[in-house]
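# Reading the structure
Each chain is listed here by its residues.
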Amino acid sequence: MFKFRLIKLFPIMLLLGIHVNTVYGQVSPPGLGKARTASWSVLGLRRKLDSSGTKEALTYIGLGTKSTPDDSNPFHKQAIWVLNHEVYHKFAKNQQYSYALSYRRQNVYDEAAPYHNEGVEQEFRLYGRYAYTFTLNDRLKWKNTLRQEFRKFFTADFQKTEENFQFRTRLKSQLNFKISAKNKQELALSAEGLFAISKLYEPASTWSSFAYKETRLGFYYMTDIPKTPLRLDLGYMNDLIKGYDKVDFGVHYLAVDLIWNLPYSKKH
């Protein structure tokens, strides 16, 4: 009960509290499964790893909640805890790669009403990504990203789940529009397609087919918070899940990122 109350208060805590990024990219919400609406909140710490600004690391904790397929309260049910660490390297003018390790703890609910909690599924994730950015003019940038993930699943007590592990490919295209140099205000519009193949334990030990899974459409407003090392992202995501037709126009997400930037510190 205490955890659930804390998660319901978390978005409010974020708005009262404290994102930062030399690339100024938002932390996209994870897929939270079948629902009508959902929320995603992030507190993060970004550090420059060199004096040139080409290397940096982002560590964040993220919390997600969601409604059931029958209601529209995005804070109705606890959905996920995420701890993520990613290192970025801009190795050429328009090119960047990164690699990351992530731990996720996601609640699993019954498929039918009243959607009782069936337990918790744990996930350990390794992923890498490559991004190429086109500078179209002084205000507009177009970033295209390929992300490859390895996902390993366990029950709450580290027993087998129906899905052993998964390889997932993500293709994302995003347009960033600079609104104003004041506080580095930007708008971002993105579309991402997800494809996966899984090794299953049940109903038999076999491989699934490599297939399309979902599309995620995002819209974000991003700004520095004046006189602080903090950046705020406010966003919306629409998750279109293959085969999920209980809701119209996909699952609707509200998202808030608040990340604290740390400058490069030379060791003595």
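Further up the page is the structure itself.
Residues numbered from 1 in each chain as written. Predicted model: local features only at pLDDT ≥ 70, side-chain atom pairs only at ≥ 80, totals over all residues. Heavy atoms only, no water.

What follows covers empty space enclosed by the protein. For the largest cavity, the calculated volume is near 70 Å³. If you trace the largest cavity, you find it lined by Gln26, Ser28, Pro29, Lys172, Ser190, Glu192, Arg216, Leu217, Gly218, Tyr220 and Met237. Here the lining of the largest cavity gets 4 residues from one element, more than from any other, and that element is strand E10 (residues 211–224). A per-class count over the lining of the largest cavity returns 4 nonpolar, 4 polar and 3 charged. (1 Å grid on protein atoms, 1.4 Å probe; cavity = no way out; pocket = protein on both sides within 12 Å on 5 of 7 lines; lining within 4 Å. Points joined across faces, edges and corners; volume = space filled by probe spheres on them. Helix = DSSP H or I, 4+ residues; strand = E, 2+ residues; numbered from the N terminus. Nonpolar A, V, L, I, M, F, W, Y, C, P; charged D, E, K, R; others polar.)

On to the packing of aromatic side chains, then. The full count for this structure, using the stated rule, is 15 aromatic pairs. Relative to Trp207, the ring of Phe165 lies with its centre 5.5 Å away and its plane at 80°, an arrangement referred to as edge-to-face. In this pair, Phe165 sits in strand E7 (residues 163–180) while Trp207 sits in strand E9 (residues 206–207), placing the two residues 42 residues apart along the sequence. Note on Trp207: relative accessible area 43%, which makes it partly exposed. Against the face of Tyr127 rests Arg147, its NZ or CZ located 3.7 Å from the ring centre. Sitting over the ring of Phe154, Lys152 keeps its end group 5.2 Å from the ring centre. (Phe/Tyr/Trp six-rings, centres within 6.5 Å; stacked < 30°, edge-to-face > 60°. Buried < 20%, exposed > 50% of the residue type's maximum accessible area, 1.4 Å probe, protein only. Lys NZ or Arg CZ within 6 Å of the ring centre and 35° of its normal.)

A complete count under the given rule lists 15 salt bridges for this structure. A salt bridge links Lys34 to Glu111, with the nearest nitrogen and oxygen atoms 3.4 Å apart. Here the residue Lys34 occupies a position in the loop between helix H1 (2–16) and strand E1 (37–48), and Glu111 occupies one in the loop between strand E4 (95–109) and strand E5 (117–135), the gap between them amounting to 77 residues. Residue Lys34 is classed as partly exposed on the basis of its relative accessible area of 40%. Arg216 is paired through a salt bridge with Asp239; the nearest N and O atoms lie 4.0 Å apart. Note that Arg216 is positioned in strand E10 and Asp239 in strand E11 (residues 230–241), a separation of 23 residues in sequence. Under the relative-accessibility criterion, Asp239 is labelled buried at 1%. Within this structure, Glu123, Arg125, Arg147, Glu149, Arg151, Arg168, Arg170 and Glu192 form a network of salt bridges that share partners. (Salt bridge = Lys/Arg side-chain N within 4 Å of Asp/Glu carboxyl O.)

This part covers a positive patch on the surface. Taken together, the side chains of Lys90, Lys93, Arg139, Lys141 and Lys178 present a region of like positive charge at the surface. Positionally, Lys178 belongs in strand E7. The partly exposed category is assigned to Lys178, whose relative accessible area is 38%. (Patch = residues over 30% accessible without salt bridge, like charges linked within 9 Å, V, L, I, M, F, W, Y side chains within 5 Å. Areas by Shrake-Rupley, 256 points an atom, 1.4 Å probe, with all protein chains shown as cover. Lys, Arg positive; Asp, Glu negative; His and termini not counted. Charge placed at Lys NZ, Arg CZ, Asp CG, Glu CD.)

Core analysis: the biggest nonpolar cluster contains 22 residues, and Val27, Leu32, Trp40, Val42, Leu58, Tyr60 and Tyr253 have the highest contact counts within it. Contributions of two or more residues to this core are made by E1, strand E2 (55–66), strand E3 (77–92), E10 and strand E12 (251–262). Setting aside anything within four residues of it in sequence, one finds Tyr60 in contact with Val27, Trp40, Val42, Leu43, Gly44, Val82, Leu83, Asn84 and Arg104. (Core = buried A, V, L, I, M, F, W, Y, C linked by side-chain atoms within 4.5 Å. Contact = heavy atoms within 4.5 Å.)

Attention shifts here to the pairing of E11. Successive residues of a regular strand alternate their side chains across the two faces of the sheet. With 11 bridges connecting them, E10 and E11 associate as antiparallel partners. Across the sheet, the residue bridging to Tyr220 is Gly235, located in E11. Counted between consecutive antiparallel strands, the loop separating E10 from E11 contains 5 residues, among which Lys227 sits at a positive phi close to 60°. (Pairing = 2+ DSSP bridges.)

Relative to the helices and strands, Tyr253 resides in strand E12. Note on Tyr253: relative accessible area 0%, which makes it buried. Setting aside chain neighbours within four positions, we find Tyr253 in contact with Pro29, Pro30, Gly31, Leu32, Gly33, Ala38, Gly235, Tyr236, Met237 and Asp239.

We now examine a nonpolar patch on the surface. On the surface, a nonpolar cluster with roughly 740 Å² of combined accessible area is contributed by Phe134, Leu136, Trp142, Leu175, Leu189, Phe219, Tyr236 and Leu254. Tracing the backbone through its elements, the reader meets Trp142 in strand E6 (residues 140–155). Taking the relative accessible area as the measure of exposure, Trp142 reaches 34% and is therefore partly exposed.

Put simply, Ala113 and Pro114 share a cis peptide bond, and its omega is 10°. Here the amide bond leading from Glu202 into Pro203 is cis, since omega sits at 0°, within 30 degrees of zero. By the element assignment, Pro203 lies in the loop between strand E8 (185–200) and E9. Positive phi is not limited to glycine here, since Tyr115 has a value of about 60°. Unlike most non-glycine residues, Lys184 shows phi in positive territory, near 50°. Along the chain, Lys184 falls in the loop between E7 and E8.

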